[in-house]
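Below are the chains, spelled out letter by letter.
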Amino acid sequence: MESLIDGPSRRPGVLAVHSVHEFVFSVPDLEAARTFYQAFGLEVRDENGALGLYTDGHAHRWGRVMPGAAKRLLWVTWGIFSGDLDAFTARIRDLHVPQVPAPPQAAGENGLWIQGPDGLAHQIVVAEKTSPNQKSSRTFPPENIDRGRSPHRSQIWKVRPRRLSHILLFSPDVDRGLAFYETVLGLSLSDRSGSLIAFIHTPHGSDHHLIAIAKSSGYGLHHSSWDVASLDDVGLGSQQMAQAGHARGWGVGRHVLGSNYFRYVRDPWGSYAEYSFDIDYVASNVDWPVGDYPPEDSLYVWGPDVPDDFITNYEL
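Read on for a plain summary of the structure. (Residues numbered from 1 in each chain as written. Predicted model: local features only at pLDDT ≥ 70, side-chain atom pairs only at ≥ 80, totals over all residues. Heavy atoms only, no water.)

Looking only at helices and strands, the protein has four helices and 19 strands in total. Structurally, the protein occupies a C-alpha span of about 65 × 45 × 40 Å along its principal axes. Residue burial in the protein is summarised as follows: out of 316 residues, 53% are buried. Put simply, the protein shows about 13700 Å² of open surface, and 50% of that area lies on carbon and sulfur atoms. (Helix = DSSP H or I, 4+ residues; strand = E, 2+ residues; numbered from the N terminus. Buried < 20%, exposed > 50% of the residue type's maximum accessible area, 1.4 Å probe, protein only. Areas by Shrake-Rupley, 256 points an atom, 1.4 Å probe, with all protein chains shown as cover.)

So, on to the sheet that holds strand S6 (residues 112-115). Ordered in space as S2-S3-S4-S1-S5-S7-S6, the seven strands form an open sheet in which the pairing is mixed. What marks the edges here is a single partner per strand, and that holds for strand S2 (43-47) and S6. Recorded for the sheet is a direction-independent mean angle of 25° between the axes of neighbouring strands. Of the pairings in the sheet, the one linking strand S1 (residues 19-27) to strand S5 (residues 72-80) comprises seven bridges and is antiparallel in character. Opposite Phe25, over in S5, you have Leu73 as the bridge partner. On top of the sheet, helix H1 (residues 30-40) reaches S1, S2, strand S3 (50-54) and strand S4 (63-67); it is set at about 10° to S3, its chief contact. Running at roughly 30° to S6, helix H2 (residues 85-94) makes contact with S5, S6 and strand S7 (121-126) of the sheet. (Pairing = 2+ DSSP bridges. Axes fitted to C-alpha atoms, helices over the stretch in contact; angles between N-to-C directions. Contact = heavy atoms within 4.5 Å.)

Another aspect to go through is the pairing of strand S10 (residues 197-201). The buried fraction of S10 is high, at five of five residues. Relative to S10, strand S9 (residues 188-193) runs antiparallel, the two being bridged by five bridges. Looking across to S10, one finds that Ser193 is bridged to Ile197. Hairpin connection from S9 to S10: three residues lie between these consecutive antiparallel strands, with Gly194 at a positive phi of about 55°.

This paragraph deals with the packing of aromatic side chains. Following the criterion strictly, the structure yields 19 aromatic pairs and no others. An angle of 55° between the planes, with centres 6.4 Å apart, marks the rings of Phe23 and Trp226 as tilted. Linking Phe23 in strand S1 with Trp226 in strand S13 (residues 220-227), this pair joins segments that are 203 residues apart in sequence. By relative accessible area, Phe23 is classed as buried at 0%. The class for Trp226 is buried, based on a relative accessible area of 0%. Look at Trp250 and Phe310: their rings are 5.0 Å apart centre to centre, the planes differ by 65°, and that puts the pair in the edge-to-face class. Taken together, the residues Trp250 in strand S14 (residues 249-255) and Phe310 in the segment after strand S19 (300-302) connect sequence positions 60 residues apart. By relative accessible area, which is 2% here, Phe310 ends up buried. Connected via pairs of aromatic rings, a cluster forms that spans Trp250, Phe262, Tyr264, Tyr272, Tyr300 and Phe310. Directly above the ring of Tyr219 sits Arg72, whose terminal nitrogen or CZ lies 4.0 Å from the centroid. (Phe/Tyr/Trp six-rings, centres within 6.5 Å; stacked < 30°, edge-to-face > 60°. Lys NZ or Arg CZ within 6 Å of the ring centre and 35° of its normal.)

Interpretation in functional terms is not warranted from these geometric data alone.
Following this line, the structure appears as structure tokens:
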């Protein structure tokens, strides 16, 4: 039986971003990106010389892929509630957070533009909340019926993710990065493994992590994670991508922190897109019990061995 954890859409009295509104990165071959993300199950749209990443039946643009000399994370856009703009402006001023011009690719785009401690640009905009207000619905086979419960192979479906769950970014200093996300953006730590990785949610209600940051020598995009409805979707997505020529990756497996089932599919530039099912949810009226876990208890419960270069920042 499906169980939903409901909460109000914001935590009273807390100034924080509520969603990853959009993540933006460049690649040297837009057609390769189009082929990869279409095979993954996203809707890819041509938009002013870039590619917009959408999910089936959802009007929101979750990401953009820009043309560039190399694969590179360009900026992250954060959504805030309409009444919070003045307060964020004051916080940025009072904390002496560096304000920067919009990147050339974002010329004319409104919002507050600031620089994180690792040099990455962040845009803050008033926007509708796109992080979930409840745990995503889940589909399971029936307990027992008078026929086989597995779908026939001739009847399998194309996996189409429902929404962006989270992004994982590289950071040269996880502790300093965490302080920025908590102090400036108002986000909250869910769990961590020392100074190697931190998982962060919005106090206004989101999946276990809206963003995670992992140790590297510079910033970059490790993966984008996309919510699917079932464990079958994770397995079928893995098969779907292998048949499209993208067999490299990691999984199927289950994470410890976040609890979700996963399959990471490696893109042509060494980063990943993840099919994610059944991640933990942190409601806005819940205080998550933060933990600091050893590395062996921070990554996965079961699954194949982690690829040797899985936590390699190929943007550097």
